[in-house]
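# Tertiary structure, described
Below are the chains, spelled out letter by letter.
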Amino acid sequence: MFFGASLSWNDILFMLSGAVTTIAITLASVAIGTSLGVLFGLARAGSPWWISWPIGGILDIFRSIPLLIQLVLFNSFNSMFRLHWPTYLVACLCLGIYAAAFCTEIVRSGVTAVPTTTRRAARSLGLTWFQEVVSITLPMATRIVFPSWIGLALGVMKDTALVLWIGIVELLRSSQIVTTRVQEPLLVLSIAGLIYFLMSFPIARLGAQLEKRWRIQ
Amino acid sequence: MIEIDNVHKHFGTLHVLKGVSLNVKKGEVLSMIGGSGSGKSTMLMCINGLEGIQKGSISVDGIDVHAKATDLNKLRRRIGIVFQQWNAFPHLTVLENVMLAPRKVLGKSKQEAEAIAVQQLGHVGLGEKLRAFPSRLSGGQQQRMAIARALAMSPDYMLFDEVTSALDPQLVGEVLDTLRMLSKEGMTMIVVTHEMRFAREVSDRVAFFCQGQIHELGTPEQIFDSPQKPETADFLRSVL
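Quick notes on the rules
- Residues numbered from 1 in each chain as written.
- Chains lettered and ligands numbered in written order.
- Predicted model: local features only at pLDDT ≥ 70, side-chain atom pairs only at ≥ 80, totals over all residues.
- Heavy atoms only, no water.
- UniProt positions renumbered as here; feature names shortened; annotations may be inferred.
- Helix = DSSP H or I, 4+ residues; strand = E, 2+ residues; numbered from the N terminus.
- Rg over C-alpha atoms; globule rule 2.2 N^0.38 Å.
- Buried < 20%, exposed > 50% of the residue type's maximum accessible area, 1.4 Å probe, protein only.
- Contact = heavy atoms within 4.5 Å.
- Lys, Arg positive; Asp, Glu negative; His and termini not counted.
- Charge placed at Lys NZ, Arg CZ, Asp CG, Glu CD.
- Phe/Tyr/Trp six-rings, centres within 6.5 Å; stacked < 30°, edge-to-face > 60°.
- Lys NZ or Arg CZ within 6 Å of the ring centre and 35° of its normal.

- If you look chain B up in an unreviewed UniProt entry, it shows as Amino acid ABC transporter ATP-binding protein from Mesorhizobium neociceri.
- In its Sequence similarities (unreviewed entry) section, the UniProt record describing chain B reads: "Belongs to the ABC transporter superfamily."
- Under Subcellular location (unreviewed entry), UniProt gives the following word-for-word description of chain B: "Cell membrane".

- In the nomenclature of an unreviewed UniProt entry, chain A corresponds to Amino acid ABC transporter permease from the organism Mesorhizobium neociceri.
- Taken verbatim from the UniProt record of chain A, the Sequence similarities (unreviewed entry) comment is "Belongs to the binding-protein-dependent transport system permease family. HisMQ subfamily."

In structure tokens:
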């Protein structure tokens, strides 16, 4: 059989269920990271220094410390302070804040790339600050930083592999479990790699597709 | 009526406007001329509150523009402004560019806003370009779109800030024609411009700005044919 003597369909299905966990954590983390990133990014781009700098400083901490350390520390605090948060929540929050730290800078660079004169033109028509941000700045900034954001989303998906350290069985952990049983590490890891690729590829394609459509404008 | 009274404006240590006073009546076309950095454009930005002022007052139809209680978003509906950089919203079609403010600010329905936009775009000669994105338009067409976008709010006043300065020479004419049309229709306009022939032709009055002050104010004939101040004469000699 192609999969070797002992690798069964059940093993593959087990790995696929791990992949579903990977996707779920990725979606949740990217959603948290993007929402917070937009909020903080707008604040970083349009606030006086006494708001902008503290946000930047705090997020720098999350950007600079390896994600693995953050996960383990966060998970330990969860036990130490008896918060009793589910491990999944800890994983998603940790990854989400980590993603937010990067997303904030992406959003900030996008917002500052929108010409002030264009924003003024919108305000001069009577649009409020909020209406202007929603109708003009965010759509324009999105088109500018979309490739970076896709890169971030793909990065987060691969970083989810680290949550196995706090006991979550996602794609990589499920592959390890299968490996210990069937003793075919190269084959199993290749399959896991292929599954990661199949999950990333559509996102990258979708990104390229959207960019192409926007270029026409 | 726009009443500007002893307005002072600083950018940091730079004293840009040094006591400007001026009244613009309904239906009047006033041109502001003068060298770069003389404060004309800044004056326009102050009229609709895009820039704050440090001293003096500006009121539009009796509403103090820079009073804390003034709802600037509401006031700006009545004062259209068109900039040197035409500032198209690049992610929206020509039609959507013009529909945006009537929908968001005036709360018009999609059909109403579209009707207004189609009418205004036809007015400035862009009836054929409704579905195009701004990037497909020439500079002159984009500038006319910006004018239609401001007109869609049915403003009582229109401010034009060097609207032809960034255009290729052969595209200047079409934009000036649009301004001529508006002046014939009785729109109250303040036009900051370097096009002296145009200023002379359409203006009721011309204000010559020099170093943050109105140095001379009068009819086009007075300013262009018999300027009273040597600075005015020097400036006109340098541009004509």
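### Thoughts on the overall build of chain B
- The helix and strand inventory of chain B stands at 9 helices and 10 strands.
- On C-alpha atoms alone, chain B measures out to a radius of gyration of 18 Å, which is about the 18 Å that the 2.2 N^0.38 rule sets for 240 residues.
- For the C-alpha atoms alone, the extent of chain B along its principal axes is close to 55 × 45 × 35 Å.
- By residue count, 55% of the 240 residues in chain B fall in the buried class.
- Within chain B, residue pairs in contact and separated by at least 24 positions form 64% of the contacts whose partners lie at least 6 positions apart.
- Computed over 27 positive and 26 negative side-chain charges, the separation of the two mean positions in chain B equals 5 Å.

### A short note on the UniProt feature "transmembrane region" (unreviewed entry) in chain A
Residue and element names in this part refer to chain A.
- The UniProt entry lists residues 12-43, 50-73, 85-103, 144-166 and 186-208 under the feature "transmembrane region" (unreviewed entry), expressed in the numbering used here.
- The span residues 85-103 shows a helical share of 89% and a strand share of 0%, and its end C-alpha atoms are spaced 25 Å apart.
- Between the end C-alpha atoms of residues 144-166 the distance is 36 Å, and the span holds 70% helix and 0% strand.

### Considering the packing of aromatic side chains
- Considering all chains together, one arrives at 8 aromatic pairs over all chains under this definition.
- On the numbers, 5.2 Å between centres and 70 degrees between planes, the contact of Tyr98 of chain A with Phe102 of chain A is edge-to-face. Of this pair, Tyr98 of chain A and Phe102 of chain A both sit in helix 4 (residues 87-113), 4 residues apart, which is roughly one turn of the helix.
- Under the relative-accessibility criterion, Tyr98 of chain A is labelled buried at 14%.
- By way of ring pairs, the aromatic residues Phe146, Trp149 and Trp214 of chain A are connected into one cluster.
- Over the face of the ring belonging to Phe102 of chain A we find Arg63 of chain A, whose NZ or CZ atom lies 6.0 Å from the ring centre.
- Over the face of the ring belonging to Phe89 of chain B we find Arg149 of chain B, whose NZ or CZ atom lies 4.0 Å from the ring centre.

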